[in-house]
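Per-entry structural report
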Amino acid sequence: MGSVPKTETWNVSYVLEDVPHLTDYFPKLPSYPNPLQDNHAYSVVRQYFIEDDDTVIQNVVVHKGTSQGTQFRRAGPRQRVCFEPEDVRACIVTCGGLCPGINTVIREIVCGLHHMYGVQNVQGIIGGYRGFYSRNTTLLTPKSVNDIHQRGGTILGTSRGGHDTKKIVDSIQDRKINQVYIIGGHGTQTGSAVIFEEIVRRGLKVAVAGIPKTIDNDIPVIDKSIGFDTAVEEAERAINAAHVEATSIENGIGLVKLMGRYSGYIAMHATLASRDVDCCLIPESPFYLDGPGGLFEYIEKRLKEHGHMVIVVAEGAGDELLQHSGTESGNKIQQDVGLWLSQQIKDHFAKKNRMTINLKYIDPMYMIRAIPSNASDNVYCTLLAQSAVHGAMAGYTGFIVGPVNGRHAYIPFERINETQHKVVITDRMWARLLSSTNQPSFMTTTDDDNDIAATKKTMHLPEKVLVGR
């Protein structure tokens, strides 16, 4: 009864990467009419339900005569569901670091289950994965979550690590939980996949749905994860403050460190939004300090021309230049690149009285993580939560929900966990940034060739094919 990737070839140019369904493991599972057909809120909708063969294409740009490539099952309510409302025992858990929008997702899962499907039993798991086996739960109702979207953080608490598959699934089984909603980032969803596999191995009728939460926006396939828009907006405020500091004093340098351990999306988008940044450093684009074309030379040139400078650095930038001290929850414990770079710049200009500089260092990372989500993210969180609820009620499992080219879809865990979403520095978006900042690329011809080759390698279609339902 083990789980394997499901792909279905509908014609020579159409590959559906499907998600598991409870009927794959329980062929005689009964189904029931969807309660939404009697829901007054949906009475104005012309078409209540998503057709079973509706799909969302991954690559919207195709060339004549080439394959349409991969498609995913479209998210949304189905005509029939696999759970009766009174039988549902759902739980919600939040894991990993904080980001804006977590409480909104919690609220909308609870309210969606209650108002759309009449589900009364929704438990919150306190303190991340370890809360499953610590027996820490709280009953969640529409009343108890009514205003939590106005707060930052997560009302359920969170933690890193604590993933013990056997203990977690034991708890799910003992509590008779049959819907599990897991809100978390790349590491958390890797854990979700393992939990799903163990549930399948034990033959439990449990739907497992993942909601992507990572402020770094490093989850592949989907357009973005929750909190990203809010993070970029707040990061721009920090950049504006650094610009004010830099322009208010002779040879002022404002240095801002932003989130992005492996992916530089927040730094890149905040830089483009601000237009006041002179140099943006991200993990995907290695840089060097000394010598012709190096960072120090560019800083000196910029200060001589304009008298001030703003630098944005993602927390994972310059990884090859820094020291590391072990790991935490699977992530390398990195030296603080902001403090390190600040000191390197000060030391460089102090040598031989090159130039008197005034450097101001701003680290807004934990302030950004802790704020409530903005209007855009609140709407996005609502759509994600409701799509997850529709999918679980319809019997889909082992999936993460997210927008693919603007349309919400159900994506198999294995696609989400096979790689990380990173900035492609041979893409037009990075070229737009270089055009905006006028910074050097810090790349050689060899670097360009290697990055292009790596980009092409990630575009291959999956090799394993299994004919699905």
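Here the structure is shown first, and the text comes after it.
Sequence order as written defines the numbering, with residues in each chain counted from 1. Note on the predicted model: pLDDT of at least 70 is required for a residue's local features to be given, and 80 or more for side-chain atom pairs to be given and counted; whole-chain, interface and lining totals, by contrast, use all residues. Here the side-chain values reflect all heavy atoms present in the structure, with hydrogen atoms and water set aside.

1. Considerations on the sheet that holds strand β13 (residues 279-281)
With respect to topology, four strands assemble into an open sheet ordered β13-β14-β12-β17, the strand pairing being parallel. The open sheet has two free edges, formed respectively by β13 and β17 (358-362), since each of these has just one partner strand. Across this sheet, the average inter-strand angle for adjacent strands is 15°, counted without regard to direction. Relative to strand β14 (residues 308-314), β13 runs parallel, the two sharing three bridges. Bridge pairing in β14 links Cys279 to Ile311. What makes two residues a contact is simply this: any of their non-hydrogen atoms within 4.5 Å. Here an axis means a line fitted to C-alpha atoms, over the contact stretch when the element is a helix, while the angle between two N-to-C directions is reported on a 0 to 180 degree scale. The helix count covers DSSP runs of H or I at least four residues long, the strand count covers runs of E at least two residues long, and both are numbered beginning at the N terminus. This element, helix α8 (residues 295-306), spans β12 (252-258), β13 and β14 of the sheet and lies at about 145° to β14. By this definition, two strands are paired if DSSP reports at least two bridges between them.

2. Points about the pairing of strand β18 (residues 399-404)
Buried, partly exposed and exposed residues are distinguished by accessible area as a fraction of the type maximum, computed with a 1.4 Å probe on protein chains only: under 20%, between the cut-offs, and over 50%, respectively. Most of β18 sits inside the fold, with six of its six residues counted as buried. Here β18 shows two buried faces, one formed by Phe399, Val401 and Pro403 and the other by Ile400, Gly402 and Val404. Relative to β18, strand β11 (residues 207-212) runs parallel, the two sharing two bridges. Paired with Gly210 across the bridge in β18 is Ile400.

3. Quick notes on the pattern of salt bridges
The term salt bridge refers to a pairing of a side-chain nitrogen on Lys or Arg with a carboxyl oxygen on Asp or Glu at a separation within 4 Å. The full count for this structure, using the stated rule, is 18 salt bridges. Across the pair Arg201 and Glu198 runs a salt bridge, and its minimum N-O distance is 2.8 Å. Note that Arg201 and Glu198 are positioned in helix α5 (residues 186-202) at a spacing of three residues, about one turn of the helix. Exposure remark for Arg201: the relative accessible area of 57% places this residue in the exposed category. Relative accessible area serves as the criterion here: at 15%, Glu198 is assigned to the buried category. In this structure, Lys224 and Asp229 form a salt bridge, with 2.5 Å as the shortest nitrogen-oxygen distance. Note on Asp229: relative accessible area 21%, which makes it partly exposed. Each member of the salt-bridge network shares a partner with another, and the members are Lys166, Asp170, Glu198, Arg201 and Arg202.

4. Looking at the packing of aromatic side chains
By convention, a stacked pair of Phe, Tyr or Trp rings (six-membered ring in the case of Trp) has centres within 6.5 Å and planes under 30 degrees apart, an edge-to-face pair has planes over 60 apart, and any other such pair is tilted. Within the structure shown, the criterion is met by five aromatic pairs. Plain terms: the ring middles of Tyr396 and Tyr410 are 5.7 Å apart, the flat faces sit at 35° to each other, and that makes the pair tilted. Within this pair, whereas Tyr396 is found in the loop between α11 (375-393) and β18, its partner Tyr410 is found in strand β19 (residues 407-412), the two being separated by 14 residues in sequence. Residue Tyr396 is classed as buried on the basis of its relative accessible area of 3%. Taken together, the aromatic side chains of Phe287, Tyr288 and Phe442 make up a single cluster linked through ring pairs. Whether a charge sits over a ring depends on NZ of Lys or CZ of Arg being within 6 Å of the ring centre and within 35 degrees of the ring normal. A cation over a ring is seen here: Lys224 above Tyr380, with NZ or CZ 5.1 Å from the ring centre. Over the ring of Tyr366 we find Arg369; its NZ or CZ atom is 5.6 Å from the centre of that ring.

5. Some words on the packing of helix α2 (residues 102-117) against α11
In contact at an axis separation of 8 Å, α2 and α11 are set at 45° when each is read in the N-to-C sense. With respect to each other, α2 and α11 are oriented oblique. Read as a crossing pair, α2 and α11 show a hand that is right-handed. Of the residues in α11, those touching α2 at Thr104, Val105, Glu108, Ile109, Gly112, Leu113, Met116 and Tyr117 are Asn378, Cys381, Thr382, Ala385, Gln386, Val389, His390 and Met393. Classes in brief: Ala, Val, Leu, Ile, Met, Phe, Trp, Tyr, Cys and Pro nonpolar; Asp, Glu, Lys and Arg charged; the others, Gly included, polar. Here the residues of the contact of α2 with α11 sort into nine nonpolar, six polar and one charged. Oblique is the label for any angle not under 35 degrees, not over 145, and not in the 65 to 115 range, which are roughly parallel, roughly antiparallel and roughly perpendicular in turn. Should the near helix be turned counterclockwise from the far one by less than a right angle, the crossing is left-handed, whereas a clockwise turn marks it as right-handed.

6. Some details on the side chain of Asn378
With respect to the helices and strands, the residue Asn378 is situated in helix α11. Under this definition, polar contacts are N or O atom pairs within 3.5 Å; protein pairs additionally need one hydrogen-donor-capable and one acceptor-capable atom, and for neighbouring residues in sequence, both atoms have to be side-chain atoms. A polar atom in the side chain of Asn378 sits 2.7 Å from the side chain of Thr104. In this structure Asn378 touches Thr104, His149 and Ser373, once residues within four positions along its chain are discounted.

7. Observations concerning helix α4 (residues 165-174)
Residues Thr165, Ile168, Val169, Ser171 and Ile172 constitute the buried set of α4. Buried residues along α4 cover an arc of 150° about the axis, so they all sit on one side. Packed against the buried residues of α4 are α3 (130-133), β10 (179-184) and α5. Looking one or two residues past α4, Lys176 carries a phi angle of roughly 60°, positive in sign. Here the arc refers to the set of directions running from the helix axis out to each C-beta atom.

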